[in-house]
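Take a look at the letters that make up each chain.
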Amino acid sequence: MRRLALLAPLLLIIGFLTFALLRMGGQDPTAMLAGPTATIEEINRLRADYGLDQPMPVQFGIWVGHVLQGDLGRSWITNRAVLGELIDRLPATLELLLCGVALGALLGIPAGMVAAFRRGRFADFASRALALFGFSIPTYFLALSMLLIFFYVLEWSPPGMGRLSLMLTPPPRLTGSYTLDALLAGDGAAARSAFSQLILPVVCVAIATAAPVVSQVRAIVLGVLGTDHISYARAQGLPHAMISRIALRGAATPVVTFVGAELAGLVGTTSLIEYVFAWGGVGQFGLEAIIKGDFAVVQGYVLMLALFSVAMFLIVDLMVLALEPRAALR
Amino acid sequence: MLLTVEDLHTRFITRDLDDRVRVAEALNGVSFGVGEGRILGLVGESGAGKSLTVTSLLGLLRPPARVTAGRALFEGRDLLALSEAALSEIRGSRIGLIVQSPRSALDPLARIGAQLVRVQRVHRRISEADARSRAEAMLVSVGIPDPRRRLEAWPHELSGGMAQRVVIALALINEPHLLIADEPTTGLDVTVQAQILDLLHEQVRRRRIGAIVITHDLGVVAQYCDDVAVMFAGQVMEQGAVAEVFARPAHPYTRALLASVPERLVLGTGKMLGGPPPDLYALPRGCLYGQRCAHAAAQCAAPPPMSATQSGAARCHFAGLA
């Protein structure tokens, strides 16, 4: 609960840093907006319209005032409310992120466990070699290679052009996930298309997730296997399977904590994958806004990322509370 | 004899950075016996191999340590020759182990009752309800008040003394024939130490089982044990009945131990006893105690045999004379 009290100052600091860095970045969105034929007067008028002629602390104060009223401002490029744009795109990102991290954890956690239990044997080396591969390959390169192999060469996958075949109309929005919504609407063709579009980017996120998960889970399980209570369990003559279960139960808390932190951290990585696959989620939206100098969007995007991280850590805390009898004391 | 250990050798075999094999000779022919209904005190300075002897016997060694020779007859079977599965059946049922750090040894994620039930149901056919009522009775007999409530407690909610009582309950609940207590009172308050030792003593006497108590406190041996085995550098240097050995120690090391105070032994520097323990990577050929012995002579370049003395047996060329 102390973390919740820290939330307000944390968000304020993050907001200010984003605000300041954007304005020190040397980008001038007004010149871009006004176009190549604009006169100096026109640019200056635009600048005054957006409040960019004011001193920075004043601009920041105005922005904070608006944010407190639930107004994240307008995108200077699409001229739509930032909040609406983010909310529209959020489900696409969540779908990609949650599926990817879930798949990565589903593969990475058992692989890390096997590596720990079979330490020094083939399974250990194999899973660590794969983890190293996942670590070393840059995400955008991985995404492009996947497209090259599975779309261009093998033709197993649709092109990386969004979340649904261009021939189909999106299903009515319920959850925001095209696959789920199409299934709910009973639209088989759309569901198949949405699902096949989902596979490659999800696999990319999963690989980016699994690599650190494998090595962390291996280290965590090895640590638990070396503790006093595991040797005492052996001294009690408990069978091997039961000892493994006790060890895994002990590893659950650190593993949950780690995967939660991963999930919070992967939002950044995901934006690159979204970009390559033209996914149209918040990540891609934020990335494009950074490149184009769409200040209000970047500020809203960063604020949303911060909130997402805080929410993730809160969920992790609650899960640890449920897993750990000792956690209630703290 | 309930347990007879003969010529137990344990080595740590590792490779150094240059890929040369390095061998630490940690146990060098440990032999002793534990009689039915008797308590053996295993004493010696830190690093003498007391705990390692027990972990070797129970098959709890971790690589790079391994038993390289020896026999350990328990109830007619050689523990050192048994498979891991067969040993696992003996541990926790025929042989109970009491460890020195009860609070970290208990499974932190299982309630006390669950742990007591678990160890019973692994080793014998018993219903959950029966195992639970036996667990409750066992907590009473190790002196834990309000046992029904304690069964629901988590290990972290127990004091050190209470946790040690739980560990004793875990060791005794399957009615073992042999109880091994590895420094059962380290880290406990002095008053609690006496309570725990009294409890152990009483339980062993009442159940007429054999016990090994590892300690570096000679006072504990004098007060609670029937027999004593004095270890040094992975060998039993002298053994016999406590009263006899303490009255007429035959081995120079036993005499040095008796002359020093327990606190110095705990520090384990050995300095007070006249030098460090021998380098396990390069043991002397002759008597392992020779380098520190005040009476070392020409014969000591040859390994001394275990020879009978007035009080038992000692591994010294001069034991008969001393």
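Digging into the overall build of chain A
In step 1: Each helix and strand in chain A was counted, giving 13 helices and 0 strands.
In step 2: Walking chain A from its N terminus toward its C terminus, one meets helices and strands in the order α-α-α-α-α-α-α-α-α-α-α-α-α.
In step 3: Buried residues in chain A amount to 36% of all 330 residues.

Here's the deal with the interface of chain A and chain B
In step 1: Contact with chain A, which involves 16 residues of that partner, is made by 23 residues of chain B.
In step 2: Counting residues per element, the ones that place at least two in the side of chain A that touches chain B are α10 (228-235) and α11 (240-276) of chain A.
In step 3: In terms of residue count, α10(A) provides more of the side of chain A that touches chain B than any other element does, 7 residues in total.
In step 4: For the side of chain A that touches chain B, the class distribution of residues is 7 nonpolar, 5 polar and 4 charged.

Some words on the environment of Cys316(B)
All names here are of chain B.
In step 1: Relative to the elements of secondary structure, Cys 316 occurs in the segment after β12 (312-315).
In step 2: A count of 27 C-beta atoms within 10 Å places Cys 316 in the buried class.
In step 3: Distance from Cys 316 to Leu 283, taken between C-alpha atoms, is 17 Å for residues 33 residues apart in sequence.

Concerning the packing of helix α6 (residues 122-136) of chain A against helix α9 (residues 188-225) of chain A
Residues and elements named next belong to chain A.
In step 1: With their axes 8 Å apart at the nearest point, α6 and α9 run at an angle of 135 degrees to one another. As summarised for this structure, α6 and α9 are arranged oblique, according to the angle between their axes. Crossing hand, α6 versus α9: left-handed. Residues Ser 127, Arg 128, Ala 131, Gly 134 and Phe 135 of α6 pack against Ile 207, Ala 208, Ala 210, Ala 211, Val 214 and Ser 215 of α9.
In step 2: When the residues that make up the contact of α6 with α9 are grouped by side-chain class, the tally is 7 nonpolar, 3 polar and 1 charged.

Remarks on the domain arrangement of chain A
All names here are of chain A.
In step 1: For chain A, the assigned domains read domain 1 (2-68) and domain 2 (82-170 + 201-329).
In step 2: Listed by partner, the interface residues are 12 residues for domain 1 and 11 residues for domain 2.
In step 3: Counting only elements with at least two residues in the side of domain 1 that touches domain 2, the list comes to α1 (2-24) and α2 (29-34).
In step 4: Per-element tally for the side of domain 1 that touches domain 2: the top contributor is α1, with 8 residues.

Remarks on the nonpolar core
In step 1: Among the nonpolar cores identified, the biggest contains 142 residues, and Cys204(A), Val205(A), Val167(B), Ala169(B) and Val230(B) are the most heavily contacted of them.
In step 2: Counting residues per element, this core draws most heavily on α9(A), which supplies 20 residues.
In step 3: Those residues within four positions of Val230(B) in sequence are excluded, and the remaining contacts are Val43(B), Gly44(B), Val236(B), Met237(B), Glu238(B), Gln239(B), His251(B), Tyr253(B), Thr254(B) and Leu257(B).

Considerations on helix α8 (residues 190-207) of chain B
Structurally, the α-helix is built with 3.6 residues per turn, so residues lying three or four positions apart point the same way.
Residue and element names in this part refer to chain B.
In step 1: In this model α8 runs 26 Å from its N-terminal to its C-terminal C-alpha over 18 residues, within 8% of the 26 Å that 1.5 Å per residue would give.
In step 2: Those residues of α8 that sit buried are Ile 196, Leu 197, Leu 200 and Val 204. All buried residues of α8 lie within an arc of 95 degrees about the axis, which places them on one face of the element. Away from the buried face of α8 by more than 90 degrees, exposed residues Thr 191, Arg 205 and Arg 206 are located.
In step 3: Residues of α8 that are buried in the fold lie against β3 (39-43), α7 (160-172), β7 (178-182), β8 (210-214) and α9 (218-224).
In step 4: Following α8 by one or two positions, Arg 208 adopts a phi angle in the positive range, close to 50 degrees.

Points about the sheet that holds strand β5 (residues 77-78) of chain B
In step 1: Read across the open sheet, the 4 strands follow the order β2-β1-β4-β5 (chain B); overall the sheet is antiparallel. Either end of the sheet is taken by a strand with one partner, and the two such strands are β2 (21-34) and β5 of chain B.

Observations concerning the pairing of strand β10 (residues 235-241) of chain B
Residues and elements named next belong to chain B.
In step 1: Counting buried positions over the 7 residues of β10 gives 6, a clear majority of the element.
In step 2: With 6 bridges connecting them, strand β9 (residues 227-232) and β10 associate as antiparallel partners. Looking across to β10, one finds that Ala 229 is bridged to Gln 239.
In step 3: From the end of β9 to the start of β10, which pair antiparallel, there are 2 residues, and Ala 233 there has a positive phi angle of about 50 degrees.
In step 4: Of the pairings in the sheet, the one linking β10 to β12 comprises 3 bridges and is antiparallel in character. Along β12, the bridge assignment pairs Gly 240 with Gly 312.

Observations concerning the sheet that holds β12(B)
Sheet strands line up and pair through hydrogen bonds in the backbone, either parallel or antiparallel.
Residues and elements named next belong to chain B.
In step 1: Overall, mixed pairing links the 8 strands, which are arranged β6-β7-β8-β3-β9-β10-β12-β11 in an open sheet. The outermost strands of the open sheet, each flanked by one partner alone, are β6 (95-98) and β11 (306-308). Looking at each pair of strands side by side, their axes are set apart by 20 degrees on average, direction ignored.

Focus: the environment of Gly41(B)
Residues and elements named next belong to chain B.
In step 1: Among the structural elements, Gly 41 can be located in strand β3.
In step 2: Along the primary structure Gly 41 and Val 221 are separated by 180 residues, whereas in three dimensions their C-alpha atoms are 5.5 Å apart.
In step 3: Beyond its immediate chain neighbours, meaning those up to four positions away, Gly 41 contacts Val 213, Thr 215, Val 220, Val 221, Cys 225, Val 228 and Val 242.

Points about helix α4 (residues 112-123) of chain B
Residues and elements named next belong to chain B.
In step 1: Along its 12 residues, α4 runs 18 Å from first to last C-alpha, staying within 8% of the 16 Å computed at 1.5 Å per residue.
In step 2: Those residues of α4 that sit buried are Ile 112, Gln 115, Leu 116, Val 117, Arg 118, Val 119, Gln 120 and His 123.
In step 3: Of the surrounding secondary structure, the elements contacted by the buried residues of α4 are α5 (128-141), α6 (147-151) and α7.

Here's the deal with the environment of Cys99(A)
Residues and elements named next belong to chain A.
In step 1: Tracing the backbone through its elements, the reader meets Cys 99 in helix α5 (residues 82-117).
In step 2: Between the alpha carbons of Cys 99 and Phe 19 there is a distance of 32 Å; along the sequence they are 80 residues apart.
In step 3: When near neighbours in sequence (up to four residues on either side) are disregarded, Cys 99 contacts Leu 198 and Val 202.

Here we look at unusual backbone geometry
Among all residues save glycine, negative phi is the norm, and among peptide bonds the norm is trans.
Residue and element names in this part refer to chain B.
In step 1: Here the residue pair Pro 63 and Pro 64 is connected by a cis peptide bond, since its omega of 10 degrees sits within 30 degrees of zero.
In step 2: Among the structural elements, Pro 64 can be located in the loop between α1 (50-57) and β4 (65-74).
In step 3: The phi dihedral of Glu 75 falls on the positive side, at around 50 degrees, and the residue is not glycine.
In step 4: Here the phi dihedral of Glu 183 falls at roughly 45 degrees; this positive angle occurs in a residue that is not glycine.
In step 5: Mapped onto the elements of the fold, Glu 183 is located in the loop between β7 and α8.
In step 6: Overall, Glu 183 belongs to the partly exposed group, with 19 C-beta atoms counted inside 10 Å.

Conventions we followed
- Residues numbered from 1 in each chain as written.
- Chains lettered and ligands numbered in written order.
- Predicted model: local features only at pLDDT ≥ 70, side-chain atom pairs only at ≥ 80, totals over all residues.
- Helix = DSSP H or I, 4+ residues; strand = E, 2+ residues; numbered from the N terminus.
- Buried ≥ 20, exposed ≤ 12 C-beta atoms within 10 Å, placed from the backbone.
- Contact = placed C-beta atoms within 7 Å.
- Nonpolar A, V, L, I, M, F, W, Y, C, P; charged D, E, K, R; others polar.
- Axes fitted to C-alpha atoms, helices over the stretch in contact; angles between N-to-C directions.
- Parallel < 35°, antiparallel > 145°, perpendicular 65-115°, else oblique.
- Left-handed = near helix turned anticlockwise from the far one by under 90°.
- Domains from an automatic or database assignment.
- Core = buried A, V, L, I, M, F, W, Y, C linked by C-beta atoms within 7 Å.
- Expected span 1.5 Å × (residues − 1).
- Arc of directions from axis to C-beta.
- Pairing = 2+ DSSP bridges.

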